[in-house]
Amino acid sequence: MGTGRLYAAVAASGFRRYATYRTATAAGVFTNTVFGVILAYTYLALWHERPHLGGYVQAQALTYVWVGQALLVAVSVMGGGFEDELIERIRTGDIAIDLYRPADLQLWWLAGDLGRALFQLLARGAIPMAAGALLFRLALPTRPLTWLAFLVAVVLGTVVSFAIRFLVALTAFWLMDGAGVAQISWITATFCSGMLLPLNVFPGVLGEIVRALPWASLIQAPADILLGAADPLTTYARQLAWAVALLAAGRLLQSAATRRVVVQGG
């Protein structure tokens, strides 16, 4: 099997794996939709007092809510993807088998995570978004190219998210328990991705900092492209820069971890 076909098979396996959890998926869709309704009414009250907060009109703000609900699980803002399994394999020593496998560790887990993300976007993303469009007046684009540009940003955001979580998981080689680092990571992502509030509403220097951090690629960047509030090429360049930098850092950490396993095994 060629390398490309191998990773395509891993991605397809990741998709099928999450597709088997039908009850959990249905519960997740319900939870996302209910939380989206609660958040939407909160935004309605907030934008009633501040009609152009963050540069958004009310319909754009409501759209932002449902984009966030559609992407929340797909880009793993709060974790729950491959990293828990990878941390456990490191803790138990099973990671040694993965490192000797004739496949790149980082690409293997990236392919599986992309398969997971596609399923979650279709199952736990599209349905809450459709519910939001039925319940509220949203500012959804009508041009197919805008939706395509949005999906490209979602893919890049997923890669950035993977790169962050891969680094978090690899810390278990030295800490032996990555749970604490993982919790810090998802708390940071919750605050800095725009999940709770658009990063545009953050004032002054704080706003500039959070928009420059990699977590902005997860929700804020795709949402702004969908809303027509950001230039796609500029957004892609920022997402790509973070993806390349973080994947490279993960590659270096993976090499250090491999040397550690080899030394201990020897």
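Note that this is a predicted model, so its numbers are computed, not measured.

A. Highlighting the overall build of the protein chain. What the protein chain contains, in helices and strands, is 13 helices and zero strands. In summary, the protein chain has a C-alpha radius of gyration of 19 Å against a globular reference of 18 Å for 266 residues, a match within 12%. Here the C-alpha coordinates of the protein chain stretch approximately 65 × 40 × 30 Å along the principal axes. Scored against the burial criterion, the 266 residues of the protein chain give a buried share of 48%.

B. How the structure looks around the pattern of salt bridges. Applying the stated criterion across every chain yields a total of seven salt bridges. Note that aspartate 113 is salt-bridged to arginine 116, the shortest N-O span being 2.8 Å. Remark: arginine 116 and aspartate 113 occur in helix H6 (residues 105–123); sequence separation between them is three residues, near one turn of the helix. Across the pair, exposure class does not vary: aspartate 113 and arginine 116 are buried alike.

C. Spatial organisation of the packing of aromatic side chains. Scanning all chains against the criterion turns up twelve aromatic pairs. Here tyrosine 41 and phenylalanine 136 contribute two aromatic rings whose centre-to-centre distance is 5.3 Å and whose plane-to-plane angle is 70 degrees, an arrangement assigned as edge-to-face. Remark: phenylalanine 136 occurs in the loop between helix H7 (126–135) and helix H8 (144–170) and tyrosine 41 occurs in helix H2 (residues 22–49); sequence separation between them is 95 residues. One aromatic cluster in this structure is built from Phe82, Trp109, Phe162 and Phe166.

D. Inspection of unusual backbone geometry at higher detail. Backbone geometry places serine 76, a non-glycine residue, at a positive phi of 55 degrees. One can find serine 76 in the loop between helix H3 (58–71) and helix H4 (83–92).

E. Examining H3 more closely. The terminal C-alpha atoms of H3 lie 20 Å apart, and with 14 residues this matches the ideal 20 Å at 1.5 Å per residue to within 8%. Where burial is concerned, most of H3 is hidden: 13 out of the 14 residues are buried.

F. Representation of the packing of H6 against H7 within the structure. As a packed pair, H6 and H7 sit with axes 4 Å apart at the nearest point and diverge in direction by 25 degrees. For the element pair H6 / H7, the angle class is roughly parallel. Along the contact surface, H6 presents Leu121, Leu122 and Ala123, while H7 presents Ala126, Ile127 and Pro128. Within the contact of H6 with H7, the residues separate by chemical class into six nonpolar, no polar and no charged.

G. Looking closely at the side chain of threonine 63. Counting through the fold element by element, threonine 63 comes out in helix H3. Owing to a relative accessible area of 0%, threonine 63 belongs among the buried residues under this scheme.

H. Representation of helix H10 (residues 179–192) within the structure. Its 14 residues place the ends of H10 20 Å apart at the C-alpha level, agreeing with the 20 Å of an ideal helix rising 1.5 Å per residue. All of the buried residues along H10 are Ala182, Ser185, Ala189, Thr190 and Cys192. Tucked inside the fold, the buried residues of H10 contact H8 and helix H11 (204–212).

I. Representation of the packing of H2 against H3. In the contact formed by H2 and H3, the axes pass within 9 Å of each other and the chain directions differ by 155 degrees. By the angle class used here, H2 and H3 are roughly antiparallel. Handedness of the crossing formed by H2 with H3: right-handed. Contacts between H2 and H3 pair Asn32, Thr33, Phe35, Gly36, Val37, Leu39, Ala40, Tyr43, Leu44, Trp47 and His48 from the former with Gln58, Ala61, Leu62, Tyr64, Val65, Trp66 and Gln69 from the latter. Of the residues belonging to the contact of H2 with H3, the class tally is twelve nonpolar, six polar and no charged.

J. The nonpolar core, seen in detail. Grouped together as the largest cluster of nonpolar side chains are 62 residues, with contacts concentrated most on Leu71, Val77 and Leu86. The element best represented in this core is H8, accounting for eleven residues. Non-local contacts of valine 77, meaning those with residues more than four positions away in its chain, are made with Leu72, Trp186, Ala189, Thr190, Ser193, Met195, Leu218 and Ile219. If you look at the next biggest cluster of nonpolar residues, it comprises five residues, including Ala149, Ala153, Ile225 and Tyr236.

Cut-offs applied
- Going along each chain's sequence as written, the residues are numbered from 1 onward.
- Side-chain atom pairs in this predicted model are given and counted only at pLDDT of 80 or more, local residue features only at pLDDT of at least 70, and totals for whole chains, interfaces and linings cover all residues.
- Side-chain metrics rest on all non-hydrogen atoms present in the structure, leaving aside hydrogens and water.
- The numbering of helices and of strands both runs from the N terminus, where a helix is a DSSP run of H or I of at least 4 residues and a strand a run of E of at least 2.
- With the radius of gyration taken over C-alpha atoms, the globule rule is written as 2.2 Å times the number of residues to the power 0.38.
- Accessibility here uses a 1.4 Å probe with only protein chains present; expressed as a share of the type maximum, an area under 20% marks a residue as buried, one over 50% as exposed, and anything in between as partly exposed.
- A pairing counts as a salt bridge when a side-chain nitrogen of Lys or Arg comes within 4 Å of a carboxyl oxygen of Asp or Glu.
- Here the aromatic set is Phe, Tyr and Trp, taking the six-membered ring for Trp, and pairing holds for ring centres within 6.5 Å; pairs whose planes are under 30 degrees apart are stacked, those over 60 apart are edge-to-face, and all others are tilted.
- By this rule the span expected of a helix is its residue count minus one, scaled by 1.5 Å.
- Lines fitted to the C-alpha atoms define the axes, with helices restricted to the stretch that makes contact. Angles between their N-to-C directions range from 0 to 180 degrees.
- Angle categories are assigned with fixed cut-offs, so that under 35 degrees is roughly parallel, over 145 is roughly antiparallel, 65 to 115 is roughly perpendicular, and the rest are oblique.
- Between two residues, a contact is recorded if the distance between any of their heavy atoms is within 4.5 Å.
- Residue polarity follows a fixed list, in which Ala, Val, Leu, Ile, Met, Phe, Trp, Tyr, Cys and Pro are nonpolar, Asp, Glu, Lys and Arg are charged, and the others, Gly among them, are polar.
- Here a crossing is called left-handed whenever its near helix is offset anticlockwise from the far helix by less than a right angle, and right-handed whenever the offset is clockwise.
- What makes a nonpolar core is a set of buried Ala, Val, Leu, Ile, Met, Phe, Trp, Tyr and Cys residues whose side-chain atoms join them at distances within 4.5 Å.

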